[in-house]
Amino acid sequence: MAESQLESEFSRTIRVERIGREEIERRIEAKPDERAALAERLGLASLDLLQADLRVKRLSRGRIAVEGRLEAKLTQLCVASLEPVAAQIEGEFAVEFVEAGPGPETEAVIAIDSVDPPEPIEDGLIDLGEAVVQQLAERIDPYPRAPGADVTWQDEKPAMSEPKRPFAALSALQKGKKG
């Protein structure tokens, strides 16, 4: 997450004390100015859509689960030709948030097969928008290619027929005069 949740271009916070055992459903969508700022932050040519359907619920004291599905439409620049490359990203995700505090109820339990550690709850708030942005950032193709763009590298030097001699042309002229 960002250093301060309130600095996010797409901030959608929820107070932890409002989250109970009953699931809360939220649909969030980035506005045009938020998408423009996010495109700049993520190095995109444009971000035309960013939305998510979220389910938020308390797992235990100090532990909150956020599950959801995000959808994004974006444009990147091809790494080889710099042509625009359109992409659509969709996917499910789950993020766990924990409050820092003493006691075993608030201690983070990380499973061995867990991909990501829990995110910290800061100032009693969870930023759902920033959580979605982080999930999007993980799914963006780091090396987009336009169809037909060639990014092959040639490591071998081209074969040289004969080394160039500085007086080869002069020698050829002299041979022509003798004949």
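One structure accompanies this document, and this report is about it. (Residues numbered from 1 in each chain as written. Predicted model: local features only at pLDDT ≥ 70, side-chain atom pairs only at ≥ 80, totals over all residues. Heavy atoms only, no water.)

Some words on the pairing of strand E4 (residues 63-77)
Line of reasoning, step 1. With 13 bridges joining them, strand E3 (residues 46-60) and E4 adopt antiparallel strand pairing. Of the residues in E4, the one forming a bridge with Lys-57 is Ala-65.
Line of reasoning, step 2. Where E3 hands over to E4, the hairpin turn is made up of 2 residues, of which Gly-62 adopts a positive phi near 85°.
Line of reasoning, step 3. The pairing of E4 with strand E5 (residues 84-98) spans 15 bridges and is antiparallel. Each bridged residue has a counterpart across the sheet, and for Ile-64 the counterpart in E5 is Phe-97.
Line of reasoning, step 4. The antiparallel hairpin formed by E4 and E5 contains 6 residues in its connecting segment, where Leu-82 sits at a positive phi of about 65°. (Pairing = 2+ DSSP bridges. Helix = DSSP H or I, 4+ residues; strand = E, 2+ residues; numbered from the N terminus.)

A short note on the side chain of Arg-12
Line of reasoning, step 1. Counting through the fold element by element, Arg-12 comes out in the segment before strand E1 (13-15).
Line of reasoning, step 2. A polar contact is formed between the side chain of Arg-12 and the backbone oxygen of Glu-29, at a distance of 3.1 Å.
Line of reasoning, step 3. What Arg-12 contacts, discounting residues up to four positions off in sequence, is Ile-28, Glu-29, Ala-30, Lys-31, Glu-34, Ile-126, Asp-127, Leu-128 and Gly-129. (Polar contact = N/O pair within 3.5 Å; in protein donor to acceptor, adjacent residues only side chain to side chain. Contact = heavy atoms within 4.5 Å.)

Description of the pattern of salt bridges
Line of reasoning, step 1. Tallied over the entire structure, the rule returns 9 salt bridges.
Line of reasoning, step 2. The partner of Glu-17 in a salt bridge is Arg-15, and the shortest N-O contact between them spans 3.6 Å.
Line of reasoning, step 3. The exposure class of Glu-17 is exposed, given its relative accessible area of 59%.
Line of reasoning, step 4. One network of salt bridges, with partners in common, ties together Glu-9, Arg-41 and Glu-130. (Salt bridge = Lys/Arg side-chain N within 4 Å of Asp/Glu carboxyl O. Buried < 20%, exposed > 50% of the residue type's maximum accessible area, 1.4 Å probe, protein only.)

Here we look at the nonpolar core
Line of reasoning, step 1. Counting 31 residues, the largest nonpolar core has Leu-47, Leu-50, Ile-126 and Val-132 as the members making the most contacts within it.
Line of reasoning, step 2. Elements with a minimum of two residues in this core: helix H1 (32-42), E3, E4, E5 and helix H2 (128-139).
Line of reasoning, step 3. With residues near it in sequence (within four places) discarded, Val-132 still touches Phe-10, Ile-28, Leu-50, Ala-52, Leu-54, Leu-70 and Phe-93. (Core = buried A, V, L, I, M, F, W, Y, C linked by side-chain atoms within 4.5 Å.)

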